[in-house]
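# What the coordinates show
Given next are the chains, with one letter for each unit.
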Amino acid sequence: SLAGKTAVITGSNSGIGLGVAIELARSGADVVLNSFTDRDEDHAIAAKIAEDHGVNARYIAADMSSATDCRALIEKAGRCDILVNNAGIQHVEAIDKFPIEKWDAIIAINLSSVFHTTAAALPTMREAGWGRVVNIASAHGLTASPFKGAYVAAKHGVVGFTKTTALETAEEPITCNAICPGYVLTPLIEAQIPDQMAAHNMDRDTVVREVMLERQPSREFATVEQLGGTAVFLCSDAAAQITGTTISVDGGWTAL
Ligand code: NAD
């Protein structure tokens, strides 16, 4: 059980981050949810997790594109035994057309935030004598696709930074690993299905199988619950000697 541990999950008001937060709460961890939006719904999601799982759950607004905000999130959380770096954005465009501000935002949110939150969290983990850093990278942290230059660069960077974090904490009861999802069925992906069906004149199952999951040999999406379960495993005693590595949850994408 993760009772007594506090988990901070960046970018966790939807999708994978929320799924990870729920699974950590199900395992007994107190959770700190985050996004930059600070809407009533964001606080309501935290209240529902607290009610459903009998844990302490809070929402703290912080913009992961800001170094100051990243560090303030960990400070405001008070303690951080489990840090899940999940916040991320995407932009798809050819290198010579790629907007500079999109490059900068993706590097800041998807990569630099991981440095800032980790730097702020390690002292609190050392003080507590235990810690887990789980970075949500991507199959694009291990392989590339055209037109995703900033995302692929940032996610490869996350995988590299994961290894350095693991080496700097190797002799301590702290681990750092990256989870590399393939396509995961989040609201973001779900919303693309009707457009893809129309564009290809295909039914839902066919467009998912043939178009969206073309690179995922299982031809099935991973789920946010599966991602959450993987994070819970990395926080378990069984995973105490797993550090500095990646776990792919990608239906065989990176085996191709
Ligand atoms: P999502 O859009 O549902 O979630 C992204 C989260 O990041 C949201 O909670 C959003 O509020 C938050 N966020 C965005 N910008 C932020 C900022 N500036 N400050 C704070 N929070 C911010 O998408 P998702 O699919 O759940 O993605 C979550 C992570 O998983 C990302 O790092 C993404 O790259 C990675 N990932 C997703 C997939 C997939 O298929 N969905 C696959 C591989 C990796």
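Position numbers for residues start from 1 in each chain and track the written sequence from start to end. Reporting of local features is limited, given that this is a predicted model, to residues whose pLDDT is at least 70; pairs of side-chain atoms are given and counted only at 80 or more, and all residues count toward the totals for whole chains, interfaces and linings.

## Some points on the pairing of strand β1 (residues 6-9)
Side chains T6 and V8 of β1 all project onto a buried face; the interleaved residues A7 and I9 project onto the opposite face, where all are buried too. Both β1 and strand β2 (residues 30-35) contribute to a ladder of three bridges, which runs parallel. What sits directly across from V8, in β2, is V32. With its strands directed away from the observer, a crossover is right-handed exactly when the path from the first strand over the helix to the second travels clockwise. Each helix is a run of DSSP H or I of at least 4 residues and each strand a run of E of at least 2, with the numbering of both proceeding from the N terminus. For the segment spanning β1, helix α1 (residues 15-26) and β2, crossover handedness is right-handed. As defined by bridge partners, β1 adjoins strand β4 (residues 82-85) across three bridges and the pair is classed as parallel. Paired with I9 across the two strands is V84, which belongs to β4. Partly exposed residues are those falling between the two cut-offs: more than 12 but fewer than 20 other C-beta atoms within 10 Å of their own, whereas 20 or more means buried and 12 or fewer means exposed, with C-beta atoms placed from the backbone. Strands pair, by our definition, only if DSSP identifies at least two bridges between them.

## Some thoughts on the site of the ligand
Each residue receives a C-beta atom placed from its backbone. It is near a molecule or strand if this atom lies within 6 Å of it. Taken together, 28 residues sit near the ligand, with G11, G15, S35, M64 and G88 positioned nearest. Elements with a contribution of two residues or more to the shell around the ligand: α1, β2, α4 (100-128) and α6 (187-190). Three categories are distinguished: nonpolar for Ala, Val, Leu, Ile, Met, Phe, Trp, Tyr, Cys and Pro, charged for Asp, Glu, Lys and Arg, and polar for the others, with Gly belonging to the last. Split into classes, the residues belonging to the shell around the ligand amount to 13 nonpolar, 14 polar and one charged. Boundaries between domains were set according to an automatic or database domain assignment. Each of domain 1 (6-183 + 222-255) and domain 2 (185-221) accounts for three or more of the residues forming the shell around the ligand.

## Side note on the nonpolar core
In this structure, A21, L24, V31 and A231 are the most contacted members of the largest nonpolar core, which totals 69 residues. It is α4 that contributes the most residues to this core, eight residues altogether. A set of buried Ala, Val, Leu, Ile, Met, Phe, Trp, Tyr and Cys residues, joined to one another through C-beta atoms within 7 Å, is what we call a nonpolar core.

## Describing α4
What a helix is expected to span follows from its residue count: subtract one and scale by 1.5 Å. Here α4 spans 41 Å end to end across 29 residues, near enough to the 42 Å set by a 1.5 Å rise per residue. Given a residue, its bend is the angle between the two axes fitted to the seven residues that end at it and to the seven that start from it. A bend of about 45° at S112 is the largest found in α4. Of the residues one or two after α4, G129 is the one with positive phi, at around 75°.

## Quick word on the packing of α1 against helix α9 (residues 224-234)
In this analysis an axis means a line fitted to C-alpha atoms, helices contributing only their contacting stretch, and an angle means the value between N-to-C directions, from 0 to 180 degrees. The geometry of α1 relative to α9 is characterised by a closest axis approach of 8 Å and an angle of 55° between their N-to-C directions. Looking at the two axes, α1 sits oblique to α9. As α1 runs across α9, the sense of the crossing is right-handed. Contacts from G15, I16, L18, G19, V20, I22, E23 and L24 of α1 reach α9 at V224, E225, L227, G228, G229, A231 and V232. Residue composition of the contact of α1 with α9, grouped by class: nine nonpolar, four polar and two charged. Reported orientations rely on four angle classes, namely roughly parallel under 35 degrees, roughly antiparallel over 145, roughly perpendicular from 65 to 115, and oblique for the rest. Each crossing gets its hand from how the near helix is turned against the far one by less than a right angle, where anticlockwise is left-handed and clockwise is right-handed. Once C-beta atoms have been placed from the backbone, residue pairs whose C-beta atoms lie within 7 Å are recorded as contacts.

## Side note on the domain arrangement of the chain
In terms of domains, the chain is made up of domain 1 (6-183 + 222-255) and domain 2 (185-221). Each of domain 1 and domain 2 has a C-alpha centre, and these two points are 25 Å apart. At the junction of the two partners, domain 1 supplies 12 residues and domain 2 supplies 13 residues. A class-by-class count of the residues in the side of domain 1 that touches domain 2 yields five nonpolar, six polar and one charged.

## Here we look at the sheet that holds strand β6 (residues 174-181)
Ordered in space as β3-β2-β1-β4-β5-β6-β7, the seven strands form an open sheet in which the pairing is parallel. Strands at the two margins of the open sheet, each flanked by one partner only, are β3 (57-61) and β7 (246-249). The mean angle between the axes of side-by-side strands here comes to 20°, regardless of whether they run parallel or antiparallel. One ladder, built from six bridges, connects strand β5 (residues 131-136) with β6; its direction is parallel. Bridging across to β6, G131 finds its partner in I174. The strands touched by α9 within the sheet are β4, β5, β6 and β7, with β6 carrying the most contacts at an inclination of about 160°.

## Section: the confidence of the model for the chain
As a per-residue measure, pLDDT reflects the predictor's confidence and takes values from 0 up to 100. Averaged over every residue, the pLDDT of the chain is 97; the share at 70 or more is 100%. What the predictor reports for the complex is a pTM of 0.98 with an ipTM of 0.99.

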